[in-house]
Amino acid sequence: GRSTTAFIMVRQRTVRIESGVTTRVVYVVGTEMIVNVHRSAPPQSKSFGVQCSSAVQFQISPPTQDAFPLPLTGASFLHITMDSASKHANADKLSVTYYGKDKEELGKAILHLTAIEISLDVDADRDGVVEKNNAHKASWKWGPNGHGAILLVNCDSEWVYKKRQDCEIDKITKSSDLADMSQMLLRTSGPAELPEGYKITLHISQSDSGKIGVFQKDKSLSVLNYPLVLGQKRLSHVVKYTGGASETEFFVEGRRFPDEDFPGLVTINLSLLEPSTPGFPETPIFTDTVVFRVAPWIMTPNTLRPLEVFVCSTRDNFQFLKGMKELVSRCGIKMKMCYENMNRGDRWMQDELEFGYIQAPHHSFPVVLDSPRDGDLKDFPYEELLGPDFGYVTRVAWNEKVSSLDSFGNLEVSPPVTVNGKVYPLGRIIIGCAFPTASQGRNMTKVVQDFLWAQKVQSPVALFSDWLYVGHVDEFMTFVPAPDRKGFRLLLASPDAGYKLFRGLQKAGHGKAKMFEGLWMKEQISVEAILSNKRLQEENNFVQSCIDWNRDVLKKELGLEDEDIIDLPILFKLEKNKRAVAYYPDMVNMIVLGKNVGIPKPYGPKVGGSCALEAEMCSLLKELGLNCTFIDDFAAYHKLLGEVHCGSNVRREPFAYKWWELEL
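What counts, and at which threshold
Residues numbered from 1 in each chain as written. Predicted model: local features only at pLDDT ≥ 70, side-chain atom pairs only at ≥ 80, totals over all residues. Heavy atoms only, no water. UniProt positions renumbered as here; feature names shortened; annotations may be inferred. 1 Å grid on protein atoms, 1.4 Å probe; cavity = no way out; pocket = protein on both sides within 12 Å on 5 of 7 lines; lining within 4 Å. Points joined across faces, edges and corners; volume = space filled by probe spheres on them. Helix = DSSP H or I, 4+ residues; strand = E, 2+ residues; numbered from the N terminus. Nonpolar A, V, L, I, M, F, W, Y, C, P; charged D, E, K, R; others polar. Expected span 1.5 Å × (residues − 1). Polar contact = N/O pair within 3.5 Å; in protein donor to acceptor, adjacent residues only side chain to side chain. Core = buried A, V, L, I, M, F, W, Y, C linked by side-chain atoms within 4.5 Å. Buried < 20%, exposed > 50% of the residue type's maximum accessible area, 1.4 Å probe, protein only. Contact = heavy atoms within 4.5 Å. Domains from an automatic or database assignment. Pairing = 2+ DSSP bridges. Phe/Tyr/Trp six-rings, centres within 6.5 Å; stacked < 30°, edge-to-face > 60°. Lys NZ or Arg CZ within 6 Å of the ring centre and 35° of its normal. Buried area = accessible area lost by both parts, 1.4 Å probe. Salt bridge = Lys/Arg side-chain N within 4 Å of Asp/Glu carboxyl O.

Looking at an unreviewed UniProt entry, one finds the chain named Protein-arginine deiminase, with Lepisosteus oculatus as its source organism. Of the comments in the UniProt record for the chain, the one headed Function (unreviewed entry) reads "Catalyzes the deimination of arginine residues of proteins." Listed in UniProt under the heading Cofactor (unreviewed entry), the comment for the chain reads: "Ca(2+)".

Here it is, written out as structure tokens:
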């Protein structure tokens, strides 16, 4: 059947023919074979003719209206296509006959064709279903109209004893593990078997080999059996061709998160190999390619619904736990306790870990990021949290000094914001660093910063936190949900607001009212004594200038106005090293559970029997519809330079927003 359809750009492959020889070739449906007719012509050939069986179509270029035989020139080419897979190997034929000047036949080249359909398929349109031959499966594009398949790092553990992450194991032990992986299908259609010597192989590059694992479903066994076919030590795998219309199922897992040296994209190739002369390697005649992007680790801001609260139980924190239990039970969520056999007296639950999650169209699960801080709580994230559908990731600072700024009280994330028209639907990560001009200062380790930046979807903002003795951003800022404006408020510690409150109390005749009443371990001090302490005022002026620097950065980087910020009355004092700590319990260092907030009990001056600082906090937050619970953390946390937020952690619901719809 000679075709007259318009010629469109498809994958082309050059095929050699030889006069007097029968050549057997496999043709892949959807491609085009090109034959240089002149190259194989016997000497003295002047013209040629073509014949083929009904399943084969061909076009001649350059196009000609001449009748057969056609004049033979150096530019004579055949373009051969077939519409569907062959029923039998070598069943379809095409022949080229060469003629001399008196149209005598000089020779004939014969092609025996076997057509097969072959495609390597993934969920490139991100709807949870592996569609057939998506035109965009070999590339990645961000955005709501984007494309490209997604891979989860298989960083949870199906192992209850002798824990190991699933991605460290080269076998699948439970069918539940398949949910963490992305399905990939090899679809083929063709005769019962391929002509002799043809092979289908899957292959990956050396550089991608440590980043993914590919498992193949073995249908021959009734038991669960998915051998690893591609990975660290296996760059290629021969796939058995099964004949007829068939699907071979593969499951792909991520083994590494995006990082400084890995943008997150991995490629898997499928090639059809053709035998060449005996003793020589096969040559690829067709390659299909799919691309996956490894899902980023995503943090959850205070505005998302809380699911679980984590705290440590220590010998001396009974009072704190009592307040926390009341607050958490009022919110109707679970409180998970880490006991002393695991925490070894380390109470700083916020500092050891950060909760986040990973998500693909077919599955999502929480993943804990373990800090390089490695205090006595260091085993908790791996030993207690890692499990089925609960992942784990950490970054080890091999050649860097780990400082207090590597604790995750120094790692926060904003609610969603829009900045100069640029939307951050998953918010922006916030970390504290040394002042930009400081030659000597503490910073979060490069390995952790690189990891956070490489996730891409919550573009980080660096604040200046090294002015604090402990050095954490949660000592001077937090976010709370709000019913209006941007859906949240930024709360900032403000010595100015503190002094304003105390001056107001003095003016109203309460100068003799005392701070720290009811605390045996702390000397009481009157409002007027605080106000007359010049040194304290100077120290707080310095602190206010540091916070103002950060306020300006946050306004610019999060697109905030002053109406989006609430100043909380908190005073600081400087230690010998000229770094600041809170003068009384630092109320901004709170736990946010929906409409309920747990705030360090400040032990402020009492007016009319109630604490003036508590009253001020309640009035500031009541306008946002928030209920304040004051938790006594003075002895067990404040005196050790931390507060409620430092001593607790919250796992929250993931965003409804799909990260791959981001416009990047």
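**Looking at empty space enclosed by the protein**
Using the criterion set out here, one finds 1 cavity of 30 Å³ or more in the structure. Approximately 190 Å³ is the volume attributed to the largest cavity. Together, 18 residues line the largest cavity, and Asn-302, Glu-354, Glu-412, His-645 and Arg-652 are the ones closest to its centre. Elements supplying a minimum of two residues to the lining of the largest cavity: β22 (353–360), β25 (411–413), β30 (477–481), β37 (591–593) and β42 (648–652). Ranked by residues supplied to the lining of the largest cavity, first place goes to β42 with 4 residues. Broken down by class, the residue content of the lining of the largest cavity amounts to 8 nonpolar, 7 polar and 3 charged.

**Here we look at helix α8 (residues 534–558)**
Counted at 1.5 Å a residue, the expected span for α8 with its 25 residues is 36 Å, and the 35 Å between its end C-alpha atoms agrees. By the N-cap criterion, in which a side-chain oxygen at the helix start approaches the backbone nitrogen of a residue two or three places on, α8 is capped by Asn-533, the distance to Arg-535 being 3.2 Å. A positive backbone phi angle near 65° is found at Gly-559, which sits one or two residues after α8.

**A word on the nonpolar core**
Most often, soluble globular proteins keep nonpolar side chains buried together rather than apart. Counting residues in hydrophobic clusters, the biggest one holds 93 residues, and the most contacted among them are Leu-78, Leu-94, Met-184, Ile-268, Phe-292, Leu-452 and Trp-659. Setting aside residues no more than four positions away along its own chain, Met-184 makes contact with Leu-120, Asp-121, Val-122, Leu-202, Val-214, Thr-248, Glu-249, Phe-250, Val-252, Ile-268, Val-290 and Phe-292. Counting 65 residues, the second largest nonpolar core, distinct from the first, contains Leu-491, Ala-513, Leu-536 and Leu-558.

**What about the layout of surface pockets?**
Where empty space is left becomes clear once a probe the size of a water molecule has been rolled over the atoms. A volume near 600 Å³ is recorded for the largest pocket. If you go around the largest pocket, you meet 24 residues; those closest to its centre are Arg-16, Thr-23, Arg-24, Glu-274 and Pro-275. At the level of secondary structure, the elements contributing two or more residues to the lining of the largest pocket comprise β1 (12–15), β2 (22–28) and β3 (32–36). Across the lining of the largest pocket, the residue classes break down as 9 nonpolar, 8 polar and 7 charged. Shared between two domains, the lining of the largest pocket takes at least three residues from each, and those domains are domain 1 (12–116) and domain 2 (123–294).

**Some details on the sheet that holds strand β19 (residues 298–299)**
Strand order in the open sheet formed by 4 strands is β19-β22-β23-β24, with mixed pairing between adjacent strands. One side of each edge strand has no neighbouring strand; the edge strands of this open sheet are β19 and β24 (391–394). Two elements, β19 and β22, share 2 bridges in a ladder whose sense is antiparallel. Across the sheet, residue Ile-298 finds its bridge partner in β22, namely Tyr-357.

**Thoughts on the packing of aromatic side chains**
Here the structure, examined in full by the defined rule, presents 23 aromatic pairs. Measuring from centroid to centroid gives 5.8 Å for Tyr-603 and Phe-634, while their planes differ by 85°, and the two rings are edge-to-face. One end of the pair, Tyr-603, is in the loop between β38 (596–600) and β39 (606–607); the other, Phe-634, is in the loop between β41 (627–631) and β42, with 31 residues separating them in the sequence. Judged on exposure class, the residue Tyr-603 and its partner Phe-634 are both buried. Clustering of aromatic rings is evident, with ring pairs tying together Phe-502, Phe-516, Tyr-583, Tyr-584, Tyr-603 and Phe-634. The ring of Tyr-424 is capped by Arg-428, whose NZ or CZ atom sits 4.5 Å from the centre of that ring. Against the face of Tyr-603 rests Lys-601, its NZ or CZ located 5.4 Å from the ring centre.

**Describing the domain arrangement of the chain**
By domain assignment, the chain separates into domain 1 (12–116), domain 2 (123–294) and domain 3 (298–656). Summarising the inter-unit geometry, the C-alpha centres of domain 2 and domain 3 are found 43 Å apart. Across the boundary between the two partners, domain 2 contributes 23 residues, which contact 27 residues of domain 3. Taking both partners together, domain 2 and domain 3 bury about 2,000 Å²; carbon and sulfur atoms supply 61% of that area. Interface area lost by domain 2 to domain 3 is led by Leu-152, Lys-163 and Phe-257, which between them contribute 29%. Inspection of the region where domain 2 meets domain 3 yields 2 salt bridges. Among the ionic pairs, Asp-259 bridges to Arg-395, the shortest N-O distance being 2.7 Å.

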